[in-house]
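Working through the structure, step by step
Listed below are the residues making up each chain.
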Amino acid sequence: MKSPITQRLYSLDALRGFDMFWIIGADAIFHRMADITHSPFWNELSHQFHHPQWHGFSFYDIIFPLFLFLAGVATPYSIGKQLERGASKKDLLIKVIKRGIVLVLLGIVYNNGLQLRPIEEIRFGSVLGRIGLAYMFANIIYLYSKQRAQIFWFFGLLIGYWFLLLFNSAPGFPMGDLTMEGNFVSYLDRLLMPGKLYKGIHDPEGIFATIPAISTALLGIYVGNLLKATTPDKNKATALRLVIIGVTLIIAAQIWNLVFPINKNLWTSSFVLQCGGISSLLMALFYYIIDIKGYKKWAFIFKIIGMNSILIYMSDKFIDWKYTTNSLFQWLNQLIGEPYGGVVMILCLLAVKVWFLYFLYKQKVFLRV
């Protein structure tokens, strides 16, 4: 009997890097081309890289939950591997909690910088904070429950969150109100979160929408368990299984959307299923192309981005990448001229960031949280 493939998946880092590629500036290409050409094609692509105002879904909405999903996929390869080596659950619990707290603190630094401010001027909700808390609670569930119980947790959190919004509202609004002003989750954040909220009356990374985000991470853990347990002769079947899971979740999301709209701001349960389905399909695609078929060279750039994802995310607050790019390539912009010089400068900015990450990769320097 062939042994399961237990080494870290190349496709996992590559997909994480693909996800981060859009965050570090690639989306600006579409916005710039839309401004230049005003064509329906580029306008639609540009539109897909803006978040909807409230209900709805665009490609840009997948980036955040995909990263959290992939953190879950990595769990059986990291925490699970340490369990297999005999590490105690208590030690791993402390490690998981510390990582969650560090991510929350990094998120606060990302939002507010390293400066002293009154508490009412500090925004505590953050992307990294949401990832840290959801990762932490999902990993605690992973440590202390079997897979069947994890599945119950996944659905239980989604249904419980739906009921929380369905049978409550902000004072003065009808029960089940899902507007920004009237929904119960935003009201609880206004009531209980310290500091300021991103939109004054609502924060897309508030405390209570972390509840369904735990399910996003749990789905990633489930997929990670599937991949980790796969033997070489069964890897195509696993890829197909991921496709089936992905399609099923997307269909379920569209059905649930009829009564509980897909909404990133509230991280609704239908949003979890929608993003979970797309994430599973992307994982299947990258896994099939890279780890099954062996086509890895094309994904190397994504891999080096994915292996230092937190560092490159935080770097925007401490490194003036635009200044560096202009210093090195302003001559190229002048040669090409407008309107396409701006597009070339975006590509140069991406090249500078990738070169920086490649240098760190060669030096084996990685930000571990």
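Higher on the page you've got the structure.
Residues numbered from 1 in each chain as written. Predicted model: local features only at pLDDT ≥ 70, side-chain atom pairs only at ≥ 80, totals over all residues. Heavy atoms only, no water.

1. Regarding the packing of aromatic side chains
Under the defined criterion, the tally for this structure stands at 31 aromatic pairs. Ring centres 5.9 Å apart and planes at 25° place the aromatic pair W22 and F30 in the stacked group. Overall, W22 belongs to the buried group, its relative accessible area being 12%. Both rings, one in F184 and one in Y187, keep their centres 6.1 Å apart while their planes meet at 35°; by these two values the pair is tilted. Placement of the pair is F184 and Y187 together in helix α7 (residues 184–192), with a separation of 3 residues, close to one helical turn. Residue classification places Y187 among the partly exposed residues on the basis of a relative accessible area of 22%. Joined through ring pairs, the aromatic side chains of F18, F21, W22, F30, F41, W42, F49, F59, Y60, F286, W298 and F302 make up one cluster. Across the ring face of Y135, the terminal group of R99 is positioned such that the distance to the ring centre comes to 4.6 Å. (Phe/Tyr/Trp six-rings, centres within 6.5 Å; stacked < 30°, edge-to-face > 60°. Buried < 20%, exposed > 50% of the residue type's maximum accessible area, 1.4 Å probe, protein only. Helix = DSSP H or I, 4+ residues; strand = E, 2+ residues; numbered from the N terminus. Lys NZ or Arg CZ within 6 Å of the ring centre and 35° of its normal.)

2. A closer look at the nonpolar core
By size, the foremost hydrophobic cluster in this structure holds 101 residues, and its most contacted members are L227 and M283. The element contributing the most residues to this core is helix α1 (residues 10–37), with 13 residues. (Core = buried A, V, L, I, M, F, W, Y, C linked by side-chain atoms within 4.5 Å.)

3. Some details on the side chain of D189
Relative to the helices and strands, D189 resides in helix α7. One buried charged residue, D189, remains without a salt bridge, the closest side chain of opposite sign being R130 at 6.3 Å. (Lys, Arg positive; Asp, Glu negative; His and termini not counted. Salt bridge = Lys/Arg side-chain N within 4 Å of Asp/Glu carboxyl O.)

4. What about the side chain of H31?
Summarising the element assignment, H31 is placed in helix α1. Setting aside chain neighbours within four positions, we find H31 in contact with S46, F49 and H50. (Contact = heavy atoms within 4.5 Å.)

5. What about the packing of helix α6 (residues 147–166) against helix α10 (residues 269–292)?
Relative orientation of the contacting elements α6 and α10 amounts to 140°, with a least axis distance of 9 Å. When the axes of α6 and α10 are compared, the pair comes out oblique. Residue-level inspection shows F154, L158, Y161 and W162 of α6 in contact with α10, the latter providing S269, V272 and L273. Considering only residue class, the contact of α6 with α10 consists of 6 nonpolar, 1 polar and no charged. (Axes fitted to C-alpha atoms, helices over the stretch in contact; angles between N-to-C directions. Parallel < 35°, antiparallel > 145°, perpendicular 65-115°, else oblique. Nonpolar A, V, L, I, M, F, W, Y, C, P; charged D, E, K, R; others polar.)

6. Concerning unusual backbone geometry
E338 connects to P339 through a cis peptide bond whose omega is 10°. Tracing the backbone shows P339 in the loop between α13 (321–336) and α14 (341–362). With phi around 50°, W267 is a residue other than glycine that occupies positive phi space. Secondary-structure assignment places W267 in the loop between α9 (235–257) and α10. Look at W267 and you get buried, because its relative accessible area is 1%.

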